[in-house]
Every structure is written in C-alpha cells, then in structure tokens.
Amino acid sequence: MKLKVCGMKYQENIEAVAALQPDYLGFIFYEKSTRFVQLSTPNLSNSIKKTGVFVNASLEYIAEQISVHKLGAVQLHGHETPEFCRKLKKNDVEIIKVFSIKNTFDFNVLEPYESVCDYYLFDTKGELPGGNGVVFNWNVLKEYPSTKPFFLSGGIGLDELENIEKFKTSEVSKYCYAIDVNSKFELEAGLKNIEKIQEFKSQL
C-alpha cells in the first residue's frame, strides 16, 4: 500500500516529511481549513505526487492551482459532479474523488464516477470535509462493488496499524491503493510529527 500524508503547511516540515519519501503529499486549497495553503508550495521529487485538495472549488480555480503549484493529483472533497470530474481530467492530473462514510454507505453513488476519476478516497463523515480524526467502520467496504483502486482515510494513526494488518487479509483490501494520514500525526494543524510518520511508514 502506498502512503499519502495530507494537510502539509510549513516549509521546513514539508521538506522533512518529503525526505521520508511518501508517495503523495497533500496541500489543502480550502480557505475554511486550518491547514489552508496561503503561500507557495515547494518543488518535490518526481517520486512524490503533489496533491491539491479542494472543496466545491471552480474549475478555473483548480486549473490555476494545478498550473501554479505543479500539482500531479487533485482530490475533490465536495459535491463535484461526474461531469465536473470529466472536465477537470483535461488538465492531465490524477483525479481522486472523496466519499464520506460513517456506519453505512450507498455504493450506487460511485457508478457515475467510474469512468471520470482515477481513484476513490473513503473518509469519515464528520463536521468538516476532512481532518476529523475519526475512523469509520471499515467493514462497510466489504460491500465495495468496484475494482477501482481507492485511498483509505479518516483518523488513521499508529494505533490503527493492527487493524490495517487485519484489513489486509480482507478481499476488498486488494483494491486499497493507499493509506491517507493527516490529523493523527500532527503537533498542531498542518505541522506533522516526523518520527511518528517515519515509524508508521516503516511498519506499513
């Protein structure tokens, strides 16, 4: 499984996390987030996919950030339609569409997105579009009807490593492309604990 570290904000901290070589680094372009990226983002090695996280942003705004920040992937946390994703795909980036889960989920909503995004991301339904620090019931994914690879997100920290190992034995885990971490590895919003991420990555 690949690793995505999301909610990066501070230059030195970004460089320290990047040195650990996660597969994706996420930057949040949503003004209401405490992890909102207000300035520039550093260049990353080609092995790390720089990911922009957006919530109901316009096509024009996302396209501008793709160009300015040289994004390789776009993560959509809002109510973006399949047609929106199709248009965004013209920017030559990976499209990660987010769906929030708590204890149940209607997987029928995925069908229109099958041909217009590269990955799904399953996060925990909460007050915020992301970064709620709570794990959803992964058993819901046993009903996953697709073969599209997905990111597993939502309150994942070091204490979930055992559950991840159990999850790896499930049939649906073969479609789990990456683990997405954020708030459980923070010293404060946007500032990551390097040692904890290093430990998690080595055990993952």
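Residues numbered from 1 in each chain as written. Predicted model: local features only at pLDDT ≥ 70, side-chain atom pairs only at ≥ 80, totals over all residues. Heavy atoms only, no water.

A.B. asks: It is not clear to me how the overall build of the protein chain should be interpreted in this structure. Could you clarify?
C.D. replies: Of regular secondary structure, the protein chain possesses 5 helices and 10 strands. Radius of gyration (C-alpha) of the protein chain: 16 Å, near the 17 Å computed for a compact globule of 204 residues. The principal-axis extents of the C-alpha atoms in the protein chain amount to approximately 40 × 40 × 30 Å. Counting only contacts in the protein chain whose residues sit at least 6 apart along the sequence, the fraction spanning at least 24 positions is 59%. Split by element, the accessible area of the protein chain, about 10,000 Å² in all, is 47% carbon and sulfur. Between the averaged position of the 24 positive side-chain charges in the protein chain and that of its 27 negative side-chain charges there is a distance of 2 Å. (Helix = DSSP H or I, 4+ residues; strand = E, 2+ residues; numbered from the N terminus. Rg over C-alpha atoms; globule rule 2.2 N^0.38 Å. Contact = heavy atoms within 4.5 Å. Areas by Shrake-Rupley, 256 points an atom, 1.4 Å probe, with all protein chains shown as cover. Lys, Arg positive; Asp, Glu negative; His and termini not counted. Charge placed at Lys NZ, Arg CZ, Asp CG, Glu CD.)

A.B. asks: Explain the packing of aromatic side chains to me, please; I cannot follow it from the model alone.
C.D. replies: Each aromatic ring pair is described using two quantities: the centre-to-centre distance and the angle formed by the ring planes. Under the defined criterion, the tally for this structure stands at 21 aromatic pairs. On the numbers, 6.1 Å between centres and 75° between planes, the contact of F107 with Y144 is edge-to-face. Here F107, found in the loop between β5 (94-101) and β6 (119-124), pairs with Y144, found in the loop between β6 and β7 (150-152); they are 37 residues apart in sequence, far enough to count as distant. Accessibility expressed as a relative area gives 10% for F107, which makes it buried. When the ring of F185 is compared with that of F200, the centres are 5.2 Å apart and the planes differ by 70°; the resulting orientation is edge-to-face. In this pair, F185 is assigned in the loop between β8 (176-181) and β9 (186-188) and F200 in helix α5 (residues 194-203), connecting sequence segments 15 residues apart. (Phe/Tyr/Trp six-rings, centres within 6.5 Å; stacked < 30°, edge-to-face > 60°. Buried < 20%, exposed > 50% of the residue type's maximum accessible area, 1.4 Å probe, protein only.)

A.B. asks: Sorry, what's going on with the nonpolar core here?
C.D. replies: In terms of nonpolar packing, the biggest core is built from 55 residues, with L25, F122, L141 and F200 touching the most fellow members. Counting residues in hydrophobic clusters, the runner-up holds 8 residues, among them Y24, A73, F151 and A178. (Core = buried A, V, L, I, M, F, W, Y, C linked by side-chain atoms within 4.5 Å.)

A.B. asks: When you look at the pairing of strand β1 (residues 2-5) in this model, what are you seeing that I'm missing?
C.D. replies: Each regular strand displays side chains that alternate between the two surfaces of the sheet. Pairing between β1 and β8: 4 bridges, direction parallel. In the sheet register, K2 faces β8, and the bridge partner there is A178. Bridge count for β1 against strand β2 (residues 24-28) is 2 bridges, and the pairing is parallel. When the sheet's bridge partners are listed, K4 is paired in β2 with Y24. In terms of handedness, the path from β1 via helix α1 (residues 11-18) over to β2 forms a crossover that is right-handed. (Pairing = 2+ DSSP bridges. Right-handed = clockwise from strand over helix to strand, strands pointing away.)

A.B. asks: Explain the environment of V68 here, please?
C.D. replies: Residue position: V68 is located in helix α2 (residues 59-69). Exposure remark for V68: the relative accessible area of 53% places this residue in the exposed category.

A.B. asks: I'm lost on the environment of P149 in this one. Help?
C.D. replies: With respect to the helices and strands, P149 occurs in the loop between β6 and β7. When its relative accessible area of 27% is taken as the criterion, P149 is described as partly exposed. A C-alpha to C-alpha distance of 18 Å links P149 and T124, two positions 25 residues apart in sequence. When neighbours within four sequence positions are excluded, P149 is seen to be in contact with D118, Y119, Y120, Y175 and Y177.

A.B. asks: Looking at this structure, I do not really get the sheet that holds β8. What am I missing?
C.D. replies: In a beta sheet, neighbouring strands pair by backbone hydrogen bonds and run either parallel or antiparallel. Taken together, 8 strands build a closed barrel; the order of strands is β1-β2-β3-β4-β5-β6-β7-β8 and the barrel is parallel. Across the sheet, the mean angle from the axis of one strand to that of its neighbour is 30°, orientation sign disregarded. Against the sheet, α2 touches β3 (49-54) and β4 (73-76), its axis set at about 155° to β3. (Axes fitted to C-alpha atoms, helices over the stretch in contact; angles between N-to-C directions.)

A.B. asks: Could you clarify how one ought to interpret α1 in this entry?
C.D. replies: Note: α-helices contain 3.6 residues per turn, so residues at a spacing of three or four share the same orientation. Of the positions making up α1, those classed as buried are N13, I14, V17 and A18. Taken down its axis, α1 places every buried residue within 135° of arc, on the same side. Summarising the contacts, the buried residues of α1 are in contact with β1, β2, β10 (191-192) and α5. (Arc of directions from axis to C-beta.)

A.B. asks: I would appreciate a short explanation of unusual backbone geometry in the present structure.
C.D. replies: Peptide bonds are mostly trans, and most non-glycine residues show a negative phi. For N56, which is not a glycine, the phi torsion comes out positive at approximately 55°. You can see N56 is positioned in the loop between β3 and α2. Even without being glycine, K70 reaches a positive phi, approximately 55°. You can see K70 is positioned in the loop between α2 and β4.

A.B. asks: What is the right way to read the side chain of D123 from this model?
C.D. replies: You can see D123 is positioned in strand β6. The charged side chain of D123 is buried without a salt bridge, its nearest counter-charge being K4 at 8.5 Å. Among the polar contacts listed, one links the side chain of D123 to the backbone nitrogen of G154, at a separation of 3.3 Å. (Salt bridge = Lys/Arg side-chain N within 4 Å of Asp/Glu carboxyl O. Polar contact = N/O pair within 3.5 Å; in protein donor to acceptor, adjacent residues only side chain to side chain.)

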